[in-house]
Protein chains: 2
Amino acid sequence: MSLTSPTVSSFDARVPAYLQRLERAMDALLPSAGTDPARLHEAMRYACEGGKHLRALMVYACGETLGMAAEKLDAAACAVELIHAYSLVHDDMPGMDNDDLRRGRPTVHKAYDVATAILVGDALQTLAFEALAKNNALDAEQKVQMITALAHASGSLGMVGGQAVDMASENLTLTLAQLESLHARKTGALILVTCQLAGIAAHASDAVRHTLDRYGKCIGLAFQIQDDVLDQIADTATLGKTAGKDLAQHKSTFPSLLGLEQAQHRANALFDEARDAARSISSDAEPLAWLADFIQQRNH
Amino acid sequence: MSLTSPTVSSFDARVPAYLQRLERAMDALLPSAGTDPARLHEAMRYACEGGKHLRALMVYACGETLGMAAEKLDAAACAVELIHAYSLVHDDMPGMDNDDLRRGRPTVHKAYDVATAILVGDALQTLAFEALAKNNALDAEQKVQMITALAHASGSLGMVGGQAVDMASENLTLTLAQLESLHARKTGALILVTCQLAGIAAHASDAVRHTLDRYGKCIGLAFQIQDDVLDQIADTATLGKTAGKDLAQHKSTFPSLLGLEQAQHRANALFDEARDAARSISSDAEPLAWLADFIQQRNH
């Protein structure tokens, strides 16, 4: 028996394995590209390719911190990625953001057509709920709780509602409170729900869920502030999507309201608060601290 | 004690009460029109107004035949109506069928705008799954089974897949088998699932579920043949949507492949088969027979 504890490796070392799990689980969920109707299924797979899979990594990082085996987290990781992918396909369409580029490639309505983009988004959303309902690693009560949480986060009081407010806010100058409320729904709700899904998988206590919520809210808002900053300072090639869009669309952003330096300062303070919340969940919340660092350091 | 059985009234007499239940349940599910974002929620309600609610009535008729209390059917009735409403909003959009008229009123993208129509459809789909997950009259296992069935029926292997095949089939002459396969997905799957949801609510035996499936498949196909016939012979004012579209879009239809008279004959034979299936479920399957008659006699 060794007197020294085994060295606990960083979450960083396990990220490739988690991403591989995610890829396999997504591959099993999505009908093969040859399945009739083949063009629709090919386009659904196209829409899910690429990206950093931050939301799935949030599920795995929260779950690992709570001591969960990865197989109880796979369905939730897939479900949030499917909701995120569907929202990007629809948001990029003409009549919405009308964007040609996503993850460094043509958007779905450019690579295919508008009808296919509508249907791809619709079918990916359906598949997100099916993924949770069909997963054998969870009990029925957990599935129902996860579906309820994901629906609330992504529906008209969450992500879709935030997108509606965002569209209506073009050419308006929002207050900081209005901008934070918009983004709490548009991007924050889906990031927050990653923590909640892991909490459900782990049967976590109310106290732990409460602190996980604080972590998720800080990460969600910090992520969006950083997104606004990157939209302003990074180039299109680095971002993999059109840079400078916020300015072109006369949108209120954190840099436009706070100035670039203060916006960066606010994001950093939120990342610090997220790390603080992580430490109060567990002395071994290294996955959550790692993820805060990882997101803070991203340049696209 | 009376020696005569109480007269069992026809399902017809109970339809208004079922429709009132549906309306109340939908009203409770949909955020009020004043809830932020108000325009989105107003448009979601607009999209759910009108219509014959045939799919909800299918749920109630199947459930009543299986002896179910209506409160165990409300969530399923709402869920199929929400999926149906979302599919109409998206199908009517530019890039899809590009239609201006639905249920006798401007389509959502005409009454509001394209972005709102995309988001309304997305949020109504989410709400369908949330309705099933949140309902207190069902146990968790039933909810999961219903969500799985509804997702399968409405996703890329069901309704959305059928819509994709339909879009790809414009200007092509399909075989009768191809046309039936297309409609089994595009309209048939959601009609069939109404029977399956009632079967889940009632914990029905496999044999009963199998016969309910036969009823649902016959009604679904007969409904679509009749839809094609009505598109050809009815006028826009009666239909509440643009008449003569199939011909204008060079679509294969049952009348174009079979001739008008043979198409009507085929629909009638399917309605007869549905009534036959209903009788073999129960000697008191009057709600199912009533519904077959009601759909057969519709003129819009």
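Scroll up for the structure.
Everything quoted here is computed from the prediction, not taken from an experiment.

What counts and how
- Residues numbered from 1 in each chain as written.
- Chains lettered and ligands numbered in written order.
- Predicted model: local features only at pLDDT ≥ 70, side-chain atom pairs only at ≥ 80, totals over all residues.
- Heavy atoms only, no water.
- Contact = heavy atoms within 4.5 Å.
- Buried area = accessible area lost by both parts, 1.4 Å probe.
- Salt bridge = Lys/Arg side-chain N within 4 Å of Asp/Glu carboxyl O.
- Polar contact = N/O pair within 3.5 Å; in protein donor to acceptor, adjacent residues only side chain to side chain.
- Helix = DSSP H or I, 4+ residues; strand = E, 2+ residues; numbered from the N terminus.
- Nonpolar A, V, L, I, M, F, W, Y, C, P; charged D, E, K, R; others polar.
- Phe/Tyr/Trp six-rings, centres within 6.5 Å; stacked < 30°, edge-to-face > 60°.
- Buried < 20%, exposed > 50% of the residue type's maximum accessible area, 1.4 Å probe, protein only.
- Least-squares fit on C-alpha atoms with pLDDT ≥ 70 in both.

Colleague: Before we go on, may I ask you to explain the interface of chain B and chain A in this structure?
Modeller: When the parts come together, some accessible area is lost, and that loss is often what is quoted as the size of the interface. At the interface, 44 residues of chain B touch 44 residues of chain A. Both faces combined, the contact of chain B with chain A buries some 3,300 Å², and carbon together with sulfur accounts for 73% of it. Put simply, chain B and chain A have 2 salt bridges between them. The salt bridge involving D36(A) is made with R185(B); its shortest N-O contact spans 3.0 Å. Summed over the shared surface of chain B and chain A, the number is 10 residue pairs in polar contact (both at pLDDT 80 or more). Those elements giving two or more residues to the side of chain B that touches chain A turn out to be α2 (38-48), α4 (74-91), α6 (114-134), α7 (140-154) and α8 (159-168) of chain B. A total of 12 residues in the side of chain B that touches chain A trace back to one element, the largest contributor, which is α6(B). When grouped by side-chain class, the residues that make up the side of chain B that touches chain A number 24 nonpolar, 13 polar and 7 charged.

Colleague: What should I look at first to understand the packing of aromatic side chains in this one?
Modeller: Aromatic ring pairs are described here by two measures, namely the spacing of the ring centres and the angle between the planes. The tally for this structure, following the rule as stated, stands at 11 aromatic pairs over all chains. Ring geometry for Y18(A) versus Y60(A): centroids 4.5 Å apart, planes at 20°, classification stacked. With Y18(A) in helix α1 (residues 11-29) and Y60(A) in helix α3 (residues 54-65), the pair connects residues that are 42 residues apart, well separated along the chain. On the basis of relative accessible area, Y60(A) is assigned to the buried category, the value being 1%. Between F129(A) and F129(B), the aromatic rings sit 5.1 Å apart at their centres with planes inclined by 20°, giving stacked as the arrangement. A residue pair is termed interchain when its members come from two chains, as with F129(A) in helix α6 (residues 114-134) and F129(B) in helix α6.

Colleague: So what exactly am I meant to see when it comes to the relation of the copies chain B and chain A here?
Modeller: For the pair of chain copies, the relating operation is a rotation around an axis with a shift along it. Mapping chain B onto chain A leaves a residual RMSD of 0.0 Å; the transformation is a rotation of 180° accompanied by 0.0 Å of translation along its axis. With respect to symmetry, the two chain copies, as superposed, fit the operation of a two-fold axis. Closest to the rotation axis within chain B is the C-alpha of A140(B), separated from it by 2.7 Å. Here 100% of the interface residues in chain B have copies in chain A that are interface residues too; the copies meet face to matching face.

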